[in-house]
Amino acid sequence: MQHLKNYINGELIAPLGTQYIDNYNPATGKVYSLIPDSDEKDVQLAYEAAAAAFPAWSLSPKEERSKLLMRIADLIDKNHEKLSRAESADNGKPIQLARTVDIPRAAANFRFYATGILHLSEEANIMENTAVNYTLNEPSGIAGCISPWNLPLYLFTWKIAPALAAGCTVVAKPSEITPMTAYLLSELCIEAGLPKGVLNIVHGYGHKVGAAITAHPGIPVISFTGGTKTGAEIARVAAPMFKKLSLELGGKNPNIIFADCDFEQMLKTTLHSSFSNQGEICLCGSRIFIERPLYEQFKKAFVEKTKELKAGNPADDKTRHGAIASKQHKEKILSYIALAKEEGGTILCGGQEVKVPGECAEGWFIEPTVIEGLSYTCRTNQEEIFGPVVTLTPFDTEEEALMYANSTQYGLAGIIWTQNLTRAHRVAQRLQSGIIWINCWLLRDLRTPFGGMKKSGVGREGGFEALRFFMEPKNVCIKLANSQ
Ligand code: NAD
């Protein structure tokens, strides 16, 4: 059985406590590797390595940092198939998705920030005849990066790349549910020649490793992506220490479909925005609101298409609906389907755990599920399920759709389908979401601000925002010699 290792001070090492956690393949339900059950002692070791590496890394020319990050991106490309297979086996996602989305995006994250840092300019503010101000952007120090299991390498690198580009050194923790590609990344960092201690990856549980990173007095910046409840706990610990926080949290995203939309395009994309990655993408539109004249037509066509989406072995090229990432999460999703029934919902399709024959017979699969007949205020429509479950609700007016859409505590993403440009802009402005897609979904330009309002988060990732997050602006004011 493979034992994964922590990556500390440029080396792959066993956890100090020598304890390991079972790592499951969700498609087979079987343990296939072991990951370090690290604790605060391992985090301390990683911190010391990051602290020792910080002066040289933070002062290194950005061109040098850029070159190293580019090298890592190239190695990700070179290992594309190996990483895709690893991601699919670890997370349960279809191999086709890992190949086309997760792994290319991980390489893109490194390239984007490797080049981004070269284009970040300093500001100067001139006080005429009096003084010149210029603002330095200095790396904040040692950054803590904590990521979830749904897009493992994609989200892990989305934090690490800007932190390293900005000149921070990093103590990072991937999810204990999907550690494999972060481990493979540590091998690639060694191959790329990343100086020791610049990036340290500590594996283990959130309440041990994540909590130790959050509470560490020497780590002033925490970038976290995960659940809202965990985000609140991190904020509770970090706020009195005045740490800088970026929190990318949960969502319960509305998908608002007006009757004048391009029906075929909307139908195709809505299938993706509902069930991609088994609905385990924070940006999935799990509450579908349909203008009443279109409701029956949409329902019929959508349910028909959803029924065609069969769960299959994620390792199979043809599979489009894979396994749920963990047994515990599978139980949570099933409990929400049961709740939806209790709340008066009608299951139009799916609603069951499914068995995929062969080597996946013991895996964790749930059919894509469509539910109607629920009030917009019920728990099923207010709480994040984060699985292949969507609800359909008709609406009569734009005002009503907005009221439904904005009724949750979340504000991550919103989707709007209409051919009426004026309405599209109007609804986009009034939707309480950090990210809006009109007539599309998951179309991503890495330069744009990414993040949520309300309980979906604090701060924004993406573009220069992420680089600036890992930097402290320092203003230097010089009085001109001949001024009064
Ligand atoms: P989670 O909050 O359970 O875990 C996320 C990470 O935090 C893991 O690495 C975990 O080990 C760690 N962690 C757990 N407890 C911790 C603690 N006390 N201190 C520090 N770290 C701790 O989330 P998850 O179940 O892995 O991921 C699913 C959630 O992530 C969903 O709510 C989803 O919406 C959200 N998510 C948000 C975005 C976004 O960009 N807003 C993207 C992806 C996922």
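Residues numbered from 1 in each chain as written. Predicted model: local features only at pLDDT ≥ 70, side-chain atom pairs only at ≥ 80, totals over all residues. Heavy atoms only, no water.

Draft legend 1. Quick peek at the overall build of the protein chain. Within the protein chain, the secondary structure is distributed over 15 helices and 25 strands. Taking 23 Å as the expected radius of gyration for a compact globule of 484 residues, we find that the protein chain reaches 23 Å, a close match to that expectation. Projecting the C-alpha coordinates of the protein chain onto the three principal axes gives extents of approximately 75 × 65 × 40 Å. Put simply, of all contacts in the protein chain between residues at least 6 apart along the chain, 75% involve residues at least 24 apart. Put simply, the protein chain shows about 19400 Å² of open surface, and 55% of that area lies on carbon and sulfur atoms. Positive and negative side-chain charges in the protein chain, numbering 50 and 52 respectively, have mean positions lying 1 Å apart. (Helix = DSSP H or I, 4+ residues; strand = E, 2+ residues; numbered from the N terminus. Rg over C-alpha atoms; globule rule 2.2 N^0.38 Å. Contact = heavy atoms within 4.5 Å. Areas by Shrake-Rupley, 256 points an atom, 1.4 Å probe, with all protein chains shown as cover. Lys, Arg positive; Asp, Glu negative; His and termini not counted. Charge placed at Lys NZ, Arg CZ, Asp CG, Glu CD.)

Draft legend 2. Region of the structure containing the sheet that holds strand β1 (residues 2-3). The sheet built from 3 strands is open, its strands ordered β1-β5-β4 with mixed pairing. Each end of this open sheet is capped by a strand with a single partner; those strands are β1 and β4 (20-25). In terms of strand pairing, β1 meets strand β5 (residues 30-36) through 2 bridges, oriented parallel. Counterpart to Gln2 in the pairing with β5 is Ser33. (Pairing = 2+ DSSP bridges.)

Draft legend 3. Molecular detail of the packing of aromatic side chains. Counted under the stated rule, the structure contains 10 aromatic pairs. A ring pair is formed by Phe289 and Tyr404, whose centres lie 5.5 Å apart and whose planes are at 45°; its orientation type is tilted. One end of the pair, Phe289, is in strand β14 (residues 285-291); the other, Tyr404, is in helix α13 (residues 398-405), and 115 residues separate them in sequence. Tyr404 sits in the buried class, given a relative accessible area of 10%. Seen in terms of ring centroids, Phe298 and Phe302 are 5.0 Å apart; in terms of plane orientation they differ by 15°. Their pairing is stacked. In this pair, Phe298 and Phe302 both sit in helix α10 (residues 292-308), 4 residues apart, roughly one turn of the helix. Exposure class is identical for Phe298 and Phe302. Each is buried. A connected cluster of aromatic rings, assembled from ring pairs, spans Phe112, Tyr113 and Trp158. The aromatic ring of Trp158 is capped on one face by Arg105, whose charged end is 4.4 Å from the ring centroid. Lying across the ring of Phe469, Lys244 places its NZ or CZ 5.5 Å from the centre. (Phe/Tyr/Trp six-rings, centres within 6.5 Å; stacked < 30°, edge-to-face > 60°. Buried < 20%, exposed > 50% of the residue type's maximum accessible area, 1.4 Å probe, protein only. Lys NZ or Arg CZ within 6 Å of the ring centre and 35° of its normal.)

Draft legend 4. Molecular detail of unusual backbone geometry. Backbone geometry places Thr18, a non-glycine residue, at a positive phi of 55°. Looking at Thr18, the relative accessible area reads 55%, which means it is exposed. In this model, Asn277 sits at a positive phi of 55°, which is unusual for a non-glycine residue. Considering the arrangement of structural elements, one finds Asn277 in the loop between α9 (263-275) and β14.

Draft legend 5. Just empty space enclosed by the protein, in detail. Enumeration over the complete set of coordinates arrives at 4 cavities of 30 Å³ or more. Roughly 110 Å³ of volume is contained in the largest cavity. Lining the largest cavity are 16 residues, with Gly251, Gly279, Cys284, Ser286 and Phe386 positioned closest to its centre. Each residue belonging to the lining of the largest cavity can be placed in one class, and the counts come to 7 nonpolar, 6 polar and 3 charged. Taken as a whole, the second largest cavity encloses approximately 60 Å³ of empty space. Every residue lining the second largest cavity is counted, 14 residues in all, and those nearest its centre are Pro254, Arg287, Ala405, Tyr410 and Ser433. Residue classes in the lining of the second largest cavity are distributed as 6 nonpolar, 6 polar and 2 charged. (1 Å grid on protein atoms, 1.4 Å probe; cavity = no way out; pocket = protein on both sides within 12 Å on 5 of 7 lines; lining within 4 Å. Points joined across faces, edges and corners; volume = space filled by probe spheres on them. Nonpolar A, V, L, I, M, F, W, Y, C, P; charged D, E, K, R; others polar.)

Draft legend 6. Local environment of a nonpolar patch on the surface. A surface patch of nonpolar side chains, amounting to about 230 Å² of accessible area, comprises Tyr134, Leu136 and Ile478. Of note, Ile478 is situated in strand β25 (residues 471-479). Residue Ile478 is classed as partly exposed on the basis of its relative accessible area of 41%. (Patch = residues over 30% accessible without salt bridge, like charges linked within 9 Å, V, L, I, M, F, W, Y side chains within 5 Å. Salt bridge = Lys/Arg side-chain N within 4 Å of Asp/Glu carboxyl O.)

Draft legend 7. A look at the site of the ligand. With respect to spatial proximity, 30 residues lie near the ligand, and among them Ser147, Glu176, Thr230, Leu249 and Glu384 are the closest. Between the ligand and Gly206 there is a distance of 3.3 Å, counted from an oxygen atom to a backbone nitrogen or oxygen. Within the contact set of the ligand, an oxygen atom lies 2.5 Å away from a side-chain nitrogen or oxygen of Glu384. In the complex, 88% of the free accessible area of the ligand, which totals 850 Å², lies under the protein chains. (Near = heavy atom within 4 Å. Polar contact = N/O pair within 3.5 Å; in protein donor to acceptor, adjacent residues only side chain to side chain.)

Draft legend 8. Broad picture of helix α11 (residues 327-342). Compared with the 22 Å implied by 1.5 Å per residue over 16 residues, the 23 Å span of α11 between its first and last C-alpha is a close match. Considered for burial, the residues of α11 that qualify are His329, Lys330, Ile333, Leu334, Tyr336, Ile337, Leu339 and Ala340. Those residues of α11 that are buried are in contact with β15 (346-349), β16 (353-354), β17 (365-366), β18 (369-372), α12 (379-382) and β19 (389-395). Gly344 occupies a position one or two residues after α11 and carries a positive phi of about 100°. (Expected span 1.5 Å × (residues − 1).)

Draft legend 9. Just the pattern of salt bridges, in detail. Counted according to the given criterion, the structure contains 24 salt bridges. The partner of Glu399 in a salt bridge is Arg430, with the nearest N and O atoms 2.8 Å apart. In this pair, Glu399 is assigned in helix α13 and Arg430 in helix α14 (residues 421-430), connecting sequence segments 31 residues apart. Taking relative accessible area as the criterion, Glu399 reaches 47% and is therefore assigned partly exposed. Here the salt bridges do not stand alone but share partners, grouping Glu81, Arg85, Arg99 and Asp317 into one network.

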